[in-house]
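Here is what each chain is made of, one letter per residue.
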Amino acid sequence: MATILIIDDSPTDVRVFTTLLERAGHQVVAVSSAEEGIERVRTDMPNLVIMDVIMPGMNGFQATRTLTRDPKTQNVPIVMITTKSMETDRVWGLRQGARAFITKPVNEKELLACINELLPSEK
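Since the structure is predicted, the reported quantities are computational estimates derived from the model, not experimental observations.

## Comments concerning the UniProt feature "modified residue: 4-aspartylphosphate" (unreviewed entry) in the protein chain
According to UniProt, the "modified residue: 4-aspartylphosphate" (unreviewed entry) feature falls on Asp52. Along the chain, aspartate 52 falls in the loop between strand E3 (48-51) and helix H3 (60-68). Owing to a relative accessible area of 5%, aspartate 52 belongs among the buried residues under this scheme. Dropping the residues within four chain positions of it, aspartate 52 is found in contact with Ile7, Asp8, Asp9, Gly60, Ile81, Thr82 and Lys104.

Set out below in structure tokens:
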């Protein structure tokens, strides 16, 4: 079981992702702002982060860049999930350090496969 931090300001999306991830056996923590998410990653060191892009204040691109440039948090994989579906958005998200970029609406099997691929294997 992995601990996954969801950083998303949409209560509906958080509820959908939480249900999906808990059903797959993961422990889920959610916060509603990028700033709070950065602090939680630094203190809790989750196994993976699901990051929304469009949020008030700091956006997901900025938060991803902050986390991936910090030596303490740079190895925590980030999956960006957003309505932004332009190829330039995907490229920009990956350049900020995201390990995957998925557009909404999310395909459940695709998301779980992506998470399983990014989680460190138990050895």
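## Examining empty space enclosed by the protein
A complete count under the given rule lists one cavity of 30 Å³ or more for this structure. Reported here for the largest cavity is a volume of approximately 30 Å³. Breaking the lining of the largest cavity down by element, the ones donating at least two residues are strand E1 (3-7) and helix H2 (34-44).

## A few points about the UniProt feature "domain: Response regulatory" (unreviewed entry) in the protein chain
Mapped onto this numbering, the UniProt entry gives "domain: Response regulatory" (unreviewed entry) at residues 3-119. Taken as a whole, residues 3-119 contains 45% helix and 20% strand, while its terminal C-alpha atoms sit 10 Å from one another.

## Re the pattern of salt bridges
Tallying each qualifying case throughout the model produces nine salt bridges. For aspartate 70, the salt bridge goes to arginine 42, with nearest N and O atoms at 3.1 Å. One end of the pair, aspartate 70, is in the loop between H3 and strand E4 (78-82); the other, arginine 42, is in helix H2, and 28 residues separate them in sequence. In this structure aspartate 70 comes out as buried when scored by relative accessible area, which is 17%.

Reading the values: rules and limits
Residues numbered from 1 in each chain as written. Predicted model: local features only at pLDDT ≥ 70, side-chain atom pairs only at ≥ 80, totals over all residues. Heavy atoms only, no water. UniProt positions renumbered as here; feature names shortened; annotations may be inferred. Helix = DSSP H or I, 4+ residues; strand = E, 2+ residues; numbered from the N terminus. Buried < 20%, exposed > 50% of the residue type's maximum accessible area, 1.4 Å probe, protein only. Contact = heavy atoms within 4.5 Å. 1 Å grid on protein atoms, 1.4 Å probe; cavity = no way out; pocket = protein on both sides within 12 Å on 5 of 7 lines; lining within 4 Å. Points joined across faces, edges and corners; volume = space filled by probe spheres on them. Salt bridge = Lys/Arg side-chain N within 4 Å of Asp/Glu carboxyl O.

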